[in-house]
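Fold and contact review
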Amino acid sequence: MTLQRARWADVFGHAEFRTLFAAGVLSVAGDQLARVALSVLVFDRTESAGLTALTYALTYVPDLLFGPLLAGIADRFPRRRVMIVTDLARAVLVAAMAIQALPLVVVALLLVAVQGFGSPFNAARGATLPVVLPGDHYVLGKAANDMVVQFSQVPGFGTGGVVVAAVGASGGLLLDAATFLLSALLIGIGTATPGARATQ
């Protein structure tokens, strides 16, 4: 007797995975939108290509310096709670960044904090996937998540540029905050099942 290999339809048939996948898409989209919006914001205020590039580079500093330390939070607290709290924290911080009166130094510090909260969120979501997806379903589920991250690298910036051109840098940041709020709502509603509770 041969075992049937997992299919994409099987993977996305898991309600909790659909929720976590959607939350991941929103998180990635929000990160890309924030990078574009902040780059435009800094350039508008300073007209300095160097400072704009520095601001963009700051988005990667937390992952390089603090990622392993902050990711450990997902192992010390309930993972579902970690995802919701970090999403809400990022929503508040990004919304604060949209305040035009804030000095750029404060905006840069908020940016580092926003990216820092991404590490425990990603770690908690990644650790939840094997619980939600049994067997080889997990392999396809992880592949789907990886494809979203890779796909966002180029099209994500283009889409972010279109959005920022339409609503402005501050509007783009507020939309980014909305993506984190929606992600927290999805996780709060869509993972309240025995599979999610098993990780707590």
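Residues numbered from 1 in each chain as written. Predicted model: local features only at pLDDT ≥ 70, side-chain atom pairs only at ≥ 80, totals over all residues. Heavy atoms only, no water.

**Quick word on the overall build of the protein**
Looking only at helices and strands, one finds ten helices and zero strands in the protein. Across the 200 residues of the protein, 44% fall into the buried class. Across the protein, contacts joining residues at least 24 apart in sequence account for 86% of those joining residues at least 6 apart. Working note: accessible area of the protein is about 10100 Å², and carbon and sulfur atoms make up 71% of it. (Helix = DSSP H or I, 4+ residues; strand = E, 2+ residues; numbered from the N terminus. Buried < 20%, exposed > 50% of the residue type's maximum accessible area, 1.4 Å probe, protein only. Contact = heavy atoms within 4.5 Å. Areas by Shrake-Rupley, 256 points an atom, 1.4 Å probe, with all protein chains shown as cover.)

**Quick notes on the pattern of salt bridges**
For the coordinates displayed, the defined rule picks out two salt bridges. The partner of aspartate 87 in a salt bridge is arginine 90, and the shortest N-O contact between them spans 2.8 Å. Here aspartate 87 and its partner arginine 90 are both found in helix α7 (residues 79-97), three residues apart, which amounts to about one turn of the helix. Neither residue differs from the other here; aspartate 87 and arginine 90 are each classed as buried. Linking aspartate 146 and lysine 142 is a salt bridge whose minimum nitrogen-to-oxygen distance equals 3.2 Å. Placement of both aspartate 146 and lysine 142 in helix α9 (residues 137-190) is noted, with a separation of four residues, approximately one turn of the helix. For aspartate 146, a relative accessible area of 33% gives the class partly exposed. Looking at lysine 142, the relative accessible area reads 37%, which means it is partly exposed. (Salt bridge = Lys/Arg side-chain N within 4 Å of Asp/Glu carboxyl O.)

**Focus on a nonpolar patch on the surface**
Together, Leu182, Leu185, Leu186 and Ile189 make up an exposed nonpolar region whose accessible area comes to about 360 Å². Considering the arrangement of structural elements, one finds leucine 186 in helix α9. Leucine 186 sits in the partly exposed class, given a relative accessible area of 30%. (Patch = residues over 30% accessible without salt bridge, like charges linked within 9 Å, V, L, I, M, F, W, Y side chains within 5 Å.)

**Re unusual backbone geometry**
In this structure, glutamate 47 takes a positive phi of about 55° despite not being glycine. By relative accessible area, glutamate 47 is classed as exposed at 66%.

**Some words on the packing of helix α2 (residues 15-46) against helix α8 (residues 104-132)**
How two helices sit against one another is set out by the angle between their axes and by the gap between those axes. The interhelical angle for the contact between α2 and α8, taken along N-to-C directions, is 165°, at an axis separation of 11 Å. As summarised for this structure, α2 and α8 are arranged roughly antiparallel, according to the angle between their axes. The crossing of α2 and α8 is left-handed. Its residues assigned to classes, the contact of α2 with α8 comprises twelve nonpolar, five polar and five charged. (Axes fitted to C-alpha atoms, helices over the stretch in contact; angles between N-to-C directions. Parallel < 35°, antiparallel > 145°, perpendicular 65-115°, else oblique. Left-handed = near helix turned anticlockwise from the far one by under 90°. Nonpolar A, V, L, I, M, F, W, Y, C, P; charged D, E, K, R; others polar.)

**So, the confidence of the model for the protein**
Per-residue pLDDT for the protein has a mean of 81; in total, 85% of the residues score no lower than 70. Confidence over residues 193-200 falls short of pLDDT 50; this stretch has 13 contacts with residues more than four positions distant or in other chains. (pLDDT = per-residue confidence, 0-100.)

**A few points about the environment of phenylalanine 117**
Along the polypeptide, phenylalanine 117 turns up in helix α8. Counting along the chain gives 31 residues from phenylalanine 117 to threonine 86, while the straight-line C-alpha distance between them is 5.6 Å. If near-sequence neighbours (up to four positions away) are discounted, phenylalanine 117 is found in contact with Thr86, Ala89, Arg90 and Leu93.

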